[in-house]
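# A structural walkthrough
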Amino acid sequence: MFQSLLAEIKEYKKPSFLASFYMFLEVIFEISIPFVMALLLDKGVQMGDMQQVALYGGLMLVCAFLSLFCGMQSARYGAFASAGFAKNLRKALFAKVQSFSFENIDRFSSGGLVTRMMTDVTNVQNSYQMIIRVGVRAPLNLIFAIWATFLINGQMAMIFVWVALFLGSILALILKIVYPLFTEVFKAYDNLNSSIQENITNMRVVKSYVKEAQETTKFQTASGRIYRMFMKAINVSVLSTPAMMLSMYASFLMISWMGAHLIVVGNMTTGELTSMFSYTMTILMSLMMLMMIFVMLVLSIASVERINEVLKTQSTIVSPENGLTQVADGSIEFQEVSFAYTDENGDKAHVLEGINLSIQSGEVIGILGGTGSGKSSLVQLIPRFYDVTLGKILVDGVDVRDYNLKALRQKIGFIPQKSLLFTGTIGDNLRYGKWNASEGELEKASD
């Protein structure tokens, strides 16, 4: 599932590695501080040896500054790598969408494709940054801290093993409930984006029929549904916080009780108990970070599946191998052409059946019919925006499916029912027909 996405890391592999490497170093220096602090208390403060206090105090400062430096470097490389990964991912998605046929576009919907390129990619970007940084930090912190507690006192260290098992069970339960909710949320996002796009595109119709209030109500209903679904997911996710607090205070109580007894009998020093408290916070914070990572991963897995769905989809219309590149004649012939759109359930509804039509080169014809009678569908079959369901269409006596797609469409001038302007200058829009047109050609075309 992740293979096609990871392929888009490309030139950002090195920054990704450096982000994880610096995070590893940060953990090493951070974990060292409680060890040094125990030595500071036992060999310096309790013994009244100021030379030892200065030595271990200075060592703690060095570890703290090195930890800070490595953390800053990890954050810098992590942000750079995740932003670059998102850039490549959006580029790949956009290139894929450009290769889609109208049938593919209809399947995903324009609103769904926008959600995938924006919201879903942002979720994946945030998760990737968290994985290469926090995903390295939290497990290493947890492993090293538990290992350190076992070195100090194995009996007390078992407390953390039981706490980890308890929190892991809570996490598994939360994930099982939350994952389906996030999946449904993104479907609702698609519908909301489609509704917004329809309203903006058809604003004149909305205003002409005085439907602003109705469309506002429709939007509020869709937006409210997303809010309720998100709140339901969040209300389940926040259960991790009381579970975390319960584990934290229970750990402190048990360590304080056991530590006091061990100090009394001489099996533990004050410095070692202080270190145990420091490692307790490290372990519990690592568990909290792991819980945050898993919640973020649940959110991003739904996004990964939706992005993968686009990247792995092959266009239903492709150029044939060694397709013809020359279209010498503009004659068009429809031979028993039938065409059907496929709905979400895979059912086909025919809009054209048994069409026979012959148009000679240079001939001008008009096709009349009511709204929805199939006029646009008929014309869109000629440049292969859609493929015929039955029959065939000939251009210059050759089936359109035997032509190279680019060559076929370059020979067909297509003016859509509604004219659109792209971002840029008028000259940029005019050059859509000829990218290297001169200023004189642009003026002539405008005239």
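Please refer to the structure higher up on the page.
Quick summary incoming for the structure in this document. From a predicted model like this one, the values you see are computed outputs, not experimental measurements.

## Overview of unusual backbone geometry
For K10, which is not a glycine, the phi torsion comes out positive at approximately 45°. A positive phi is found at D396, a non-glycine position, where the angle reads about 60°. Mapping D396 onto the fold places it in the loop between strand 3 (390-395) and strand 4 (398-399). Looking at D396, the relative accessible area reads 27%, which means it is partly exposed.

## Considering the environment of V351
By secondary structure assignment, the location of V351 is in strand 2 (residues 348-359). For the pair V351 and Y341, spaced 10 residues apart in sequence, the C-alpha separation works out to 7.5 Å. Sequence-distant contacts of V351, defined by excluding residues within four places in its chain, comprise F339, A340, Y341, S373 and S377.

## Digging into helix 9 (residues 212-237)
When the terminal C-alpha atoms of helix 9 are compared, their 37 Å separation across 26 residues agrees well with the 38 Å that a helix rising 1.5 Å per residue should span. Listing the buried residues of helix 9 in full gives E215, G224, I226, M229, A233, V236 and S237. Those residues of helix 9 hidden inside the fold are in contact with helix 7 (154-201), helix 8 (203-208), helix 10 (240-264) and helix 11 (270-311).

## A short note on the packing of aromatic side chains
A complete count under the given rule lists 14 aromatic pairs for this structure. Between the aromatic rings of Y22 and Y77, the centroid separation amounts to 6.0 Å while the plane-to-plane angle is 5°, which identifies the pairing as stacked. Of the two residues, Y22 sits in helix 2 (residues 13-45) while Y77 sits in helix 3 (residues 50-99), which places them 55 residues apart along the sequence. Y22 sits in the buried class, given a relative accessible area of 18%. Centre to centre, the rings of F385 and F414 are 5.1 Å apart; their planes meet at 80°, and the pair counts as edge-to-face. Linking F385 in the loop between helix 12 (375-380) and strand 3 with F414 in the loop between helix 13 (405-410) and helix 14 (426-430), this pair joins segments that are 29 residues apart in sequence. The buried category is assigned to F385, whose relative accessible area is 16%. Among the aromatic residues, ring-to-ring pairing joins F102, F339, Y341, F385, Y386 and F414 into one connected group. Positioned above the aromatic ring of Y77, the side-chain terminus of R76 is 4.6 Å from the ring centre.

## Remarks on the packing of helix 5 (residues 110-132) against helix 11
At their nearest, the axes of helix 5 and helix 11 sit 8 Å apart, and the two run at 140° to each other. Classified by the angle between their axes, helix 5 and helix 11 sit oblique to one another. Like other packed secondary-structure pairs, helix 5 and helix 11 cross with a definite hand, here left-handed. Contacts from G112, L113, T115, R116, D120, V121, N123, V124, N126, S127, M130 and I131 in helix 5 reach M292, I293, M296, L297, L299, S300, S303, V304, R306, I307, E309 and V310 in helix 11.

## Re helix 6 (residues 134-152)
The terminal C-alpha atoms of helix 6, which comprises 19 residues, lie 26 Å apart, in line with the 27 Å expected from a rise of 1.5 Å per residue. Residues V134, V136, R137, A138, L140, N141, L142, A145, I146, A148, T149 and I152 constitute the buried set of helix 6.

## Here we look at a nonpolar patch on the surface
Together, L61, F65, L68 and M72 make up a nonpolar patch on the protein surface, roughly 460 Å² of accessible area in all. On the secondary structure map, L61 appears in helix 3.

## Points about the sheet that holds strand 2
Strand order in the open sheet made by the 4 strands is 2-1-3-4, with antiparallel pairing throughout. Of all the strands in the sheet, the pair left with one neighbour each is strand 2 and strand 4. Bridge count between strand 1 (residues 332-342) and strand 3: 5 bridges; the pairing is antiparallel. Counterpart to E333 in the pairing with strand 3 is L394.

## Some details on the side chain of Q125
Residue position: Q125 is located in helix 5. Q125 has contacts with S82, A83 and A86, leaving out every residue within four places of it along the chain.

## A short note on the pattern of salt bridges
Under the counting rule described, the total for this entry stands at 12 salt bridges. Two residues, R306 and D120, come together in a salt bridge whose shortest N-O distance is 2.7 Å. On the criterion of sequence distance, the pair formed by R306 in helix 11 and D120 in helix 5 is long-range, its members being 186 residues apart. The pair formed by R306 and D120 is uniform in burial state, with each residue classed as buried. R384 serves as the salt-bridge partner of D387, at 2.8 Å between the closest nitrogen and oxygen. Its relative accessible area of 22% is what places D387 among the partly exposed residues. What makes R384 buried here is its relative accessible area of 4%. Bridged by salt links that share partners, the residues E26, E30 and R137 form one connected network.

Thresholds applied
Residues numbered from 1 in each chain as written. Predicted model: local features only at pLDDT ≥ 70, side-chain atom pairs only at ≥ 80, totals over all residues. Heavy atoms only, no water. Helix = DSSP H or I, 4+ residues; strand = E, 2+ residues; numbered from the N terminus. Buried < 20%, exposed > 50% of the residue type's maximum accessible area, 1.4 Å probe, protein only. Contact = heavy atoms within 4.5 Å. Expected span 1.5 Å × (residues − 1). Phe/Tyr/Trp six-rings, centres within 6.5 Å; stacked < 30°, edge-to-face > 60°. Lys NZ or Arg CZ within 6 Å of the ring centre and 35° of its normal. Axes fitted to C-alpha atoms, helices over the stretch in contact; angles between N-to-C directions. Parallel < 35°, antiparallel > 145°, perpendicular 65-115°, else oblique. Left-handed = near helix turned anticlockwise from the far one by under 90°. Patch = residues over 30% accessible without salt bridge, like charges linked within 9 Å, V, L, I, M, F, W, Y side chains within 5 Å. Areas by Shrake-Rupley, 256 points an atom, 1.4 Å probe, with all protein chains shown as cover. Salt bridge = Lys/Arg side-chain N within 4 Å of Asp/Glu carboxyl O. Pairing = 2+ DSSP bridges.

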